[in-house]
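Structure at a glance
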Amino acid sequence: MTTNASPLDIDIDALQGGPADLKQYAGQAVLIVNVASKCGLTPQYAGLERLQERYAARGFTVLGVPCNQFLGQEPGSAEEIAEFCSATYGVTFPMTEKTEVNGEGRHPLYDRLTGFADAEGHSGDIRWNFEKFLIGRDGAVVARFSPQTEPEAPEVVSAIEAQLG
């Protein structure tokens, strides 16, 4: 595969099993976020869900990617993760299977994403839970945001809106 191919071309399973079929999001803006249920940043789920509700009708989705690589902060099963997200934050956006984002077991999706630098010039390994990548309508990575950047921060919202036209 070429390194400039879209991250949406990568195969990954959905949280509840079966293929997530990222190709269904072609032509949309997608915010891919590695998520965790037991992290200090977990309240970002609320902002992510508000983005989903605000922009879904305009061709946008959040894609949550559960990861347990940062201090074991996503220890649950697929069912436990789904229940937590739904019951605690009312999450309606799609979620993938639990995935490794760094190291030898890094999922090919994150191989594709981590080469992109954020506004401060950071590229490479994911730093913590809730690092965000915006995929444009053309399927290319157009922005990367640090874990501490809130989902509804002005720079995130303006980047999403620029993709939605």
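Above this note sits the structure.
This text gives an overview of the structure that appears in the document. (Residues numbered from 1 in each chain as written. Predicted model: local features only at pLDDT ≥ 70, side-chain atom pairs only at ≥ 80, totals over all residues. Heavy atoms only, no water.)

1. Focus on the overall build of the chain
Along the chain, the regular secondary structure elements total 4 helices and 4 strands. Listing the helices and strands of the chain from first to last along the sequence gives β-α-β-α-α-β-β-α. For 165 residues, the compact-globule formula gives about 15 Å, and the C-alpha radius of gyration of the chain, at 14 Å, lands near that figure. Seen along its three principal axes, the alpha-carbon backbone of the chain occupies a region of about 35 × 35 × 30 Å. Evaluated residue by residue, the chain yields a buried proportion of 52% over its 165 residues. Within the chain, contacts between residues at least 6 apart in sequence are counted, and of these 68% link residues at least 24 apart. Approximately 7300 Å² of the chain is accessible, and the part contributed by carbon and sulfur atoms is 50%. Averaging the locations of the 12 positively and 23 negatively charged side chains of the chain gives two centres separated by 4 Å. (Helix = DSSP H or I, 4+ residues; strand = E, 2+ residues; numbered from the N terminus. Rg over C-alpha atoms; globule rule 2.2 N^0.38 Å. Buried < 20%, exposed > 50% of the residue type's maximum accessible area, 1.4 Å probe, protein only. Contact = heavy atoms within 4.5 Å. Areas by Shrake-Rupley, 256 points an atom, 1.4 Å probe, with all protein chains shown as cover. Lys, Arg positive; Asp, Glu negative; His and termini not counted. Charge placed at Lys NZ, Arg CZ, Asp CG, Glu CD.)

2. Things to note about the side chain of Glu-49
The topology assignment puts Glu-49 in helix H1 (residues 44-55). Buried and unpaired, Glu-49 has no salt bridge, with Arg-50 as the nearest side chain of opposite charge at 9.7 Å. Residues contacting Glu-49, with those up to four places away along its chain left out, are Tyr-89, Gly-90, Val-91, Thr-92 and Phe-93. (Salt bridge = Lys/Arg side-chain N within 4 Å of Asp/Glu carboxyl O.)

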